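# Secondary and tertiary structure notes
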Amino acid sequence: MSAEPLQIAYSPCPNDTFVFDALAHGRVPGAPALDVTFADIDLTNGMAERGEFDVLKVSYAVLPYVLDRYALLPCGGALGRGCGPLVLTREDGAGSGEGARGRGALTGRTVAVPSERSTAYLLFRLWAADTQPDGVGEIVVMPFHEIMPAVRDGSVDAGLVIHEARFTYGRYGLHQLADLGEHWERTTGLPIPLGAIVARRSLGAQTLTRLAEAVRASVRAAWDDPEKSRPYVMAHAQEMDPAVADQHIGLYVNEFTADLGEEGYAAVRGLLTRAAAEGLVPPLAPDALAFP
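Residues numbered from 1 in each chain as written. Predicted model: local features only at pLDDT ≥ 70, side-chain atom pairs only at ≥ 80, totals over all residues. Heavy atoms only, no water.

### Topic: the overall build of the chain
A count of helices and strands for the chain gives twelve helices and eleven strands. Computed over its C-alpha atoms, the radius of gyration of the chain comes to 19 Å, within 12% of the 19 Å expected for a compact globule of 292 residues. With respect to the principal axes defined by its C-alpha atoms, the chain has extents near 55 × 40 × 30 Å. For the chain, the residues scored as buried account for 54% of the 292 residues in total. Accessible surface computed for the chain: about 12,000 Å², of which carbon and sulfur atoms make up 49%. The average position of the 24 basic charges and that of the 37 acidic charges among the side chains of the chain differ by 2 Å. (Helix = DSSP H or I, 4+ residues; strand = E, 2+ residues; numbered from the N terminus. Rg over C-alpha atoms; globule rule 2.2 N^0.38 Å. Buried < 20%, exposed > 50% of the residue type's maximum accessible area, 1.4 Å probe, protein only. Areas by Shrake-Rupley, 256 points an atom, 1.4 Å probe, with all protein chains shown as cover. Lys, Arg positive; Asp, Glu negative; His and termini not counted. Charge placed at Lys NZ, Arg CZ, Asp CG, Glu CD.)

Below is the structure:
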């Protein structure tokens, strides 16, 4: 690998700092040095579209726009079950949770989302296509941390939230209208693709392969000694309670983080194929997900 550090950007969320702790701190023998920038995923999505940085954590939703320049690494990302985005409202009108949950509830309503180039937004649009026959109202993009207060205070009617909001929305007096991961799993049988690691194709096949091996080794090191990563995780967890950080890691760091495998790749292809059929993203080329 090049002696120059790889420019990498990922979020300060506990799953990312847990995954990259060993690699970022030089505890993976033979791995590249990293120059780390922390940025929320809506920012890293834009960085990838502009071709900035060597390695990035991005939403799977942005892959169709960047795979000409970046390769999808088969590890390090976030897929899983029971970990999907939620749609929250002030009113408790969720219904039974089976079938068309919240059917028609967002017609003419304002919905806050953290990004329109996110996997959460794709899952929201696919859910809405099934359950909101007359469509939804205005979509408002705002920073993730502002969404639950905005719903609570009535400046928007509903909010699309991710990550630790699964555990904290009750503190804002909010209610779950829909679990978009539950809808995805029920209708596809596949895990939920959330965040991906991509690296410049120009690094070359050998470097990309060695980078993937280093990321896998970093994941395994975190699993082998979780306490080793705790200072790094908590230093960037934005005042998150340690128990919530542990729940966050437990949800988003799993066997798919170590290796996408057949089921993981099927989930990614399934999401992007369905989204392309709805006109939400460009179609993927047949070999676009191939690595390296």
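### Examining the packing of helix α1 (residues 14-24) against helix α9 (residues 226-235)
Their axes nearest at 9 Å, the elements α1 and α9 cross at an angle of 110°. With respect to their mutual orientation, α1 and α9 come out roughly perpendicular. Here α1 runs over α9; the crossing is right-handed. On α9, the residues that touch P14, T17, F18, D21 and A24 of α1 are P226, K228, S229, Y232 and V233. Partitioning the contact of α1 with α9 into residue classes produces six nonpolar, two polar and two charged. (Axes fitted to C-alpha atoms, helices over the stretch in contact; angles between N-to-C directions. Parallel < 35°, antiparallel > 145°, perpendicular 65-115°, else oblique. Left-handed = near helix turned anticlockwise from the far one by under 90°. Contact = heavy atoms within 4.5 Å. Nonpolar A, V, L, I, M, F, W, Y, C, P; charged D, E, K, R; others polar.)

### Section: the packing of α1 against helix α8 (residues 205-224)
Closest axis-to-axis distance for the α1/α8 pair is 7 Å, and the angle between their directions is 110°. Taken as axis vectors, α1 and α8 run roughly perpendicular relative to one another. The segment α1 lies against α8, with F18, V19, F20, D21, A22 and L23 engaging A214, V215, S218, V219, A221, A222 and W223. Its residues assigned to classes, the contact of α1 with α8 comprises eleven nonpolar, one polar and one charged.

### Some points on the nonpolar core
Judged by nonpolar contacts, the single largest core of 56 residues is most densely connected at L63, V87 and F124. Here the element with the most residues in this core is helix α4 (residues 119-131); it accounts for eight residues. (Core = buried A, V, L, I, M, F, W, Y, C linked by side-chain atoms within 4.5 Å.)

### Quick word on the side chain of N254
Mapped onto the secondary structure, N254 falls in the loop between α10 (242-252) and α11 (255-258). A polar atom in the side chain of N254 sits 2.7 Å from the backbone oxygen of L79. Once residues lying within four places of it in the same chain are set aside, the contact partners of N254 are L79, G80 and W223. (Polar contact = N/O pair within 3.5 Å; in protein donor to acceptor, adjacent residues only side chain to side chain.)

### A short note on the sheet that holds strand β6 (residues 86-89)
Think of a sheet as strands paired side by side through backbone hydrogen bonds, with each pair either parallel or antiparallel. The five strands are arranged β8-β7-β9-β6-β10 in an open sheet whose pairing can be described as mixed. Both outer strands of the open sheet, β8 (139-141) and β10 (175-179), are each paired with one neighbouring strand and no more. Each strand of the sheet is rotated relative to its neighbour by a mean of 30°, with strand direction disregarded. Pairing of strand β7 (residues 111-113) with strand β9 (residues 158-161) involves two bridges; the strand directions are parallel. Its bridge partner being in β9, V111 is matched across the sheet by A158. Relative to β9, helix α5 (residues 144-153) is tilted by about 150°, and along the sheet it contacts β6, β7 and β9. (Pairing = 2+ DSSP bridges.)

### Points about the packing of aromatic side chains
By the definition in use, this model includes five aromatic pairs. On the numbers, 4.6 Å between centres and 10° between planes, the contact of Y10 with F20 is stacked. Within this pair, whereas Y10 is found in strand β1 (residues 6-10), its partner F20 is found in helix α1, the two being separated by ten residues in sequence. Of the two residues examined, Y10 and F20, each falls in the buried class. With a centroid separation of 6.2 Å and 55° between ring planes, the pair formed by F38 and Y232 is classed as tilted. (Phe/Tyr/Trp six-rings, centres within 6.5 Å; stacked < 30°, edge-to-face > 60°.)

### Points about the confidence of the model for the chain
The predicted model of the chain averages 92 in pLDDT, with 96% of residues at 70 or higher. Here residues 94-100 scores under 50 on pLDDT; set against residues more than four positions off or in separate chains, the count is ten contacts. (pLDDT = per-residue confidence, 0-100.)

### Points about α4
The terminal C-alpha atoms of α4, which comprises 13 residues, lie 18 Å apart, in line with the 18 Å expected from a rise of 1.5 Å per residue. For α4, a buried count of ten out of 13 residues is recorded, marking the element as mostly surrounded by other parts of the structure. Of all the residues in α4, the buried ones are T119, A120, Y121, L122, L123, F124, L126, W127, A128 and T131. (Expected span 1.5 Å × (residues − 1).)

### A look at the state of the cysteines
Going through the model one piece at a time under the given rule, you end up with zero disulfides. There is no disulfide at C13, and the cysteine sulfur nearest it, in C83, is 13 Å away. The exposure class of C13 is buried, given its relative accessible area of 14%. (Disulfide = S-S within 2.5 Å.)

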